[in-house]
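Report on the structure
Chain by chain, the residues run as shown.
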Amino acid sequence: MEGNMMSFLDKFSPGIPPEILDNQSYLELNKMVSLFKDFVSRHYILETYLDRDEQQADFSFCIRALERDFLVRAFKDLRFQYLAGDEVWGRVINFVNCWSAKNTLEHKHVNNIWFEMDFAEYEKDIPQPCLFFDASQVKNSRVSNEWLFETLKKLLDSNLVDSLRDEIKNVIRNLPPGTGLFQVGTMLARTEDRVRIFTHQLTREQITGYLKNIGWPGDSRKINNVFNFIDNYSDGNYIVDFDVTREGISEKSGINFGLKNNKNLSFFLEELAKHNLCNDLKKRGVLSWKGSSCRFLGQDYGQTALLKNISHFKVAYLPGEGIRIKAYLKVKGVYLKELFKNIAGKETALNF
């Protein structure tokens with residue numbers, strides 16, 4: 001199969017609201033994505049702060065386990081060689097090669113990875129990624145999670161990972177019973193001195209207790225104020241993220257959540273606006289991010305349904321800046337040829 005990232009961007013770009021990404025920003029995004037044209041993905045996210053007038057957004061895309069061999073092949077292409085010579089990309093390529101190779105820890109435990117390209121990277125000759133990998137197999141049980149540290153050493157300095165080991169183990173050990181992690185992130189484009197942790201979905205009560213137990217240094221009253229504000233609109237399932245550093249748990253943290261009813265989106269944005277957390281520009285952009293279309297992505301993929309929705313919102317608690325809100329605008333591609341093939345297969349099995 002051929003790479004499809006440029007095809008996807010070409011097809012869904014007419015639906016990107018100018019309030020989220022203006023023409024100049026889109027041209028810079030297009031230029032950067034051309035470097036990844038041989039990548040295969042069908043999940044994309046534009047991430048934007050709702051209180052900023054800048055029509056800019058970070059760009060993320062997911063590579064599933066089914067698509068990792070195409071990623072390995074893309075890295076070997078001559079068009080990618082000058083990126084491959086970069087130290088950060090070299091570590092990413094090493095990680096992906098291990099993920100693709102059978103009988104490795106990464107191949108066994110990681111179901112998908114996400115690349116996040118910060119807006120500041122768009123115009124660089126060698127844009128660098130932040131990389132997040134699936135950590136859903138990490139549980140607060142007696143099962144060894146050693147694979148997590150070996151995987152991190154593919155992306156970060158080994159001495160750093162060893163220095164963070166006890167703190168990360170404490171983070172895992174204090175997870176509420178029956179829960180685990182969602183993702184682990186390496187912020188390679190920003191700083192390489194920390195690991196970002198995302199829990200699995202937790203309740204409000206579980207998060208407040210959990211942050212206390214792991215020694216989160218922030219103000220618990222502010223977190224409660226956040227929950228008081230969003231509880232009326234959220235679906236009640238929250239993912240908390242924070243960084244683990246040599247100094248301990250970061251005060252900077254995030255509460256990720258979806259809405260319990262998409263019909264409440266306009267009311268939610270109005271409420272944010274009352275508290276100066278969302279401006280009119282971004283409100284228009286978010287409200288216009290909806291719907292679906294069908295586009296032909298070439299012989300390999302055929303007709304593809306492009307589904308737009310809001311993946312989630314995030315309340316970002318930033319020391320010195322207070323609370324800010326991000327929206328994560330998602331595009332998912334459904335290959336109709338693949339969908340109908342699967343349906344036909346199930347019907348054949350039932351008839352048999």
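Further up the page is the structure itself.
Residues numbered from 1 in each chain as written. Predicted model: local features only at pLDDT ≥ 70, side-chain atom pairs only at ≥ 80, totals over all residues. Heavy atoms only, no water.

**With respect to the overall build of the protein chain**
Helix and strand counts for the protein chain come out as 13 helices and 11 strands. On the principal axes, the C-alpha backbone points of the protein chain span a range of 55 × 55 × 50 Å. When each of the 352 residues of the protein chain is scored for burial, the buried share is 53%. Residue pairs in contact within the protein chain that sit at least 24 positions apart in sequence constitute 68% of those at least 6 positions apart. Only carbon and sulfur atoms are counted for the fraction: they give 48% of the accessible area of the protein chain, which is about 16,500 Å². If you average the places of the 47 positive and of the 46 negative side-chain charges in the protein chain, the two averages end up 5 Å apart. (Helix = DSSP H or I, 4+ residues; strand = E, 2+ residues; numbered from the N terminus. Buried < 20%, exposed > 50% of the residue type's maximum accessible area, 1.4 Å probe, protein only. Contact = heavy atoms within 4.5 Å. Areas by Shrake-Rupley, 256 points an atom, 1.4 Å probe, with all protein chains shown as cover. Lys, Arg positive; Asp, Glu negative; His and termini not counted. Charge placed at Lys NZ, Arg CZ, Asp CG, Glu CD.)

**Some details on the nonpolar core**
Grouped together as the largest cluster of nonpolar side chains are 103 residues, with contacts concentrated most on F36, F59, F61, I113, F133 and F313. It is helix α5 (residues 87-100) that provides the largest number of residues to this core, a total of seven residues. Non-local contacts of F59, meaning those with residues more than four positions away in its chain, are made with M5, F12, L29, M32, V33, Y44, I45, L46, F115, E116, M117 and Y122. W114, F132, A189 and I239 belong to the second largest nonpolar core, which has 10 residues in total. (Core = buried A, V, L, I, M, F, W, Y, C linked by side-chain atoms within 4.5 Å.)

**What to know about the pattern of salt bridges**
Throughout the structure, instances matching the rule amount to 25 salt bridges. Between R324 and D51 there is a salt bridge; the shortest N-O distance is 3.0 Å. Taken together, the residues R324 in strand β11 (residues 322-335) and D51 in the loop between β1 (43-49) and β2 (58-64) connect sequence positions 273 residues apart. Residue R324 is classed as buried on the basis of its relative accessible area, which comes to 10%. For R324, the salt bridge goes to E321, with nearest N and O atoms at 3.3 Å. A cluster of three or more residues bridged by salt bridges with shared partners is formed by E146, K153, D162 and R165. (Salt bridge = Lys/Arg side-chain N within 4 Å of Asp/Glu carboxyl O.)

**Notes on the side chain of K283**
The residue K283 is located in helix α12 (residues 280-287) in this model. Apart from residues no more than four positions distant in its own chain, K283 is found in contact with L269, E270 and C278.

**Considerations on the side chain of D241**
Within the fold, D241 resides in strand β7 (residues 234-245). A polar contact is formed between the side chain of D241 and the side chain of N256, at a distance of 2.9 Å. For D241, the side chain forms a polar contact with the side chain of K314, separated by 3.2 Å. Leave out the neighbours within four places in its chain, and D241 touches R196, I197, F198, K252, S253, G254, N256 and K314. (Polar contact = N/O pair within 3.5 Å; in protein donor to acceptor, adjacent residues only side chain to side chain.)

**Comments concerning the packing of α5 against helix α7 (residues 146-155)**
Contact geometry for α5 and α7: axes closest at 7 Å, N-to-C directions at 140°. Here α7 runs oblique to α5, going by the angle between their axes. When α5 is examined against α7, the residues R91, V92, N94, F95 and C98 are found in contact with a partner set consisting of T151, K154 and L155. In terms of residue class, the contact of α5 with α7 is made up of four nonpolar, two polar and two charged. (Axes fitted to C-alpha atoms, helices over the stretch in contact; angles between N-to-C directions. Parallel < 35°, antiparallel > 145°, perpendicular 65-115°, else oblique. Nonpolar A, V, L, I, M, F, W, Y, C, P; charged D, E, K, R; others polar.)

**Observations concerning helix α10 (residues 220-230)**
Those residues of α10 that sit buried are I223, V226, F227, F229 and I230. What you see down the axis of α10 is that its buried residues fit within an arc of 160°, all on one side. In this structure, the buried side of α10 is in contact with α9 (204-213), β7, β8 (248-259), α11 (265-274), β10 (303-318) and β11. Where α10 begins, one side-chain oxygen reaches toward the backbone nitrogen of R221, 2.9 Å away; that side chain belongs to D219. (Arc of directions from axis to C-beta.)

**Focus: the packing of aromatic side chains**
Scanning the entire structure with this criterion turns up 31 aromatic pairs. For the pair F257 and F268, a centre-to-centre distance of 6.0 Å together with 85° between the ring planes defines the contact as edge-to-face. One end of the pair, F257, is in strand β8; the other, F268, is in helix α11, and 11 residues separate them in sequence. Each member of the pair, F257 as well as F268, carries the same accessibility label: buried. Measuring from centroid to centroid gives 5.2 Å for Y301 and Y335, while their planes differ by 40°, and the two rings are tilted. Here Y301 is found in the loop between β9 (291-296) and β10, whereas its partner Y335 is found in strand β11, with 34 residues between them in sequence. As far as burial versus exposure is concerned, Y301 and Y335 are alike and both buried. Against the face of F149 rests R165, its NZ or CZ located 4.6 Å from the ring centre. The lysine or arginine in question, K308, covers the ring of W289, its NZ or CZ lying 5.0 Å from the ring centre. (Phe/Tyr/Trp six-rings, centres within 6.5 Å; stacked < 30°, edge-to-face > 60°. Lys NZ or Arg CZ within 6 Å of the ring centre and 35° of its normal.)

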